[in-house]
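The residues making up each chain are set out below.
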Amino acid sequence: MTVFANLGADSSIGDILFSDPDRYAPILAFAQDAMRSDGVLPHKTRELLAAYVSSLNECAFCHGLHADVAKRFGIDPSILANLLFSDDLASIEDELKPIFTLARKLTVSPSKVVEADRQAVLAAGHSEDVLKDVIAIVCLFSFFNRLVDGHGIKGNAEIFSRDSEMLAAFGYVPPAQ
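Each value, and the rule that gives it
- Residues numbered from 1 in each chain as written.
- Predicted model: local features only at pLDDT ≥ 70, side-chain atom pairs only at ≥ 80, totals over all residues.
- Heavy atoms only, no water.
- Salt bridge = Lys/Arg side-chain N within 4 Å of Asp/Glu carboxyl O.
- Buried < 20%, exposed > 50% of the residue type's maximum accessible area, 1.4 Å probe, protein only.
- Core = buried A, V, L, I, M, F, W, Y, C linked by side-chain atoms within 4.5 Å.
- Contact = heavy atoms within 4.5 Å.

A. View of the pattern of salt bridges. Tallying each qualifying case throughout the model produces nine salt bridges. Among the salt bridges present, the one from Asp94 reaches Lys97, with a minimum N-O distance of 3.0 Å. For Asp94, a relative accessible area of 58% puts it in the exposed group. Among the residues examined, Lys97 registers a relative accessible area of 22% and is labelled partly exposed. Linking Arg162 and Asp163 is a salt bridge whose minimum nitrogen-to-oxygen distance equals 2.8 Å. Here Asp163 falls in the buried class, since its relative accessible area comes to 13%. Shared partners join several salt bridges into a network, and the residues in it are Asp68, Lys71 and Arg72.

Okay, here's the thing in structure tokens:
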């Protein structure tokens, strides 16, 4: 039982966001831009970052949902599992390692991010725009993780499947009704 009248056991983040569109429309627009804009990072990498950050933040709902979206975009589920238990990030491509290293540090100990962390992303061949995208995704999912957990949303496989299908198809701004 939740203290929020509009939320129940089968609720998802959409029930929070769409119940107060004036408050959350700007964050949905930001999410659409960060996660689905045309850019260098493929959508599957962005979703893998979302699941990774959510796991580091111990947000079961966002981790489950975005792991499912990443899978829909072609990410092998074992890659995310390996990311969570491997300090050397052995399961991902070499050029992505500095991105995930930065994401981890920015999530777990943000005040300890230093210039060398940002330079490592650039040295791996990524642009400044990629660096900005990674920072935006980490920030966005730290927000979403706290929003969901603060409202008591837990989710389950059925909700993850339903919502991941919508996210994969339409992105973060719902289709017009």
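That covers the picture; the talk isn't over yet.
B. Broad picture of the nonpolar core. Judged by nonpolar contacts, the single largest core of 53 residues is most densely connected at Phe61, Ile99, Phe100, Phe141 and Phe144. When neighbours within four sequence positions are excluded, Phe100 is seen to be in contact with Thr45, Leu48, Leu49, Tyr52, Leu83, Leu89 and Ile92.

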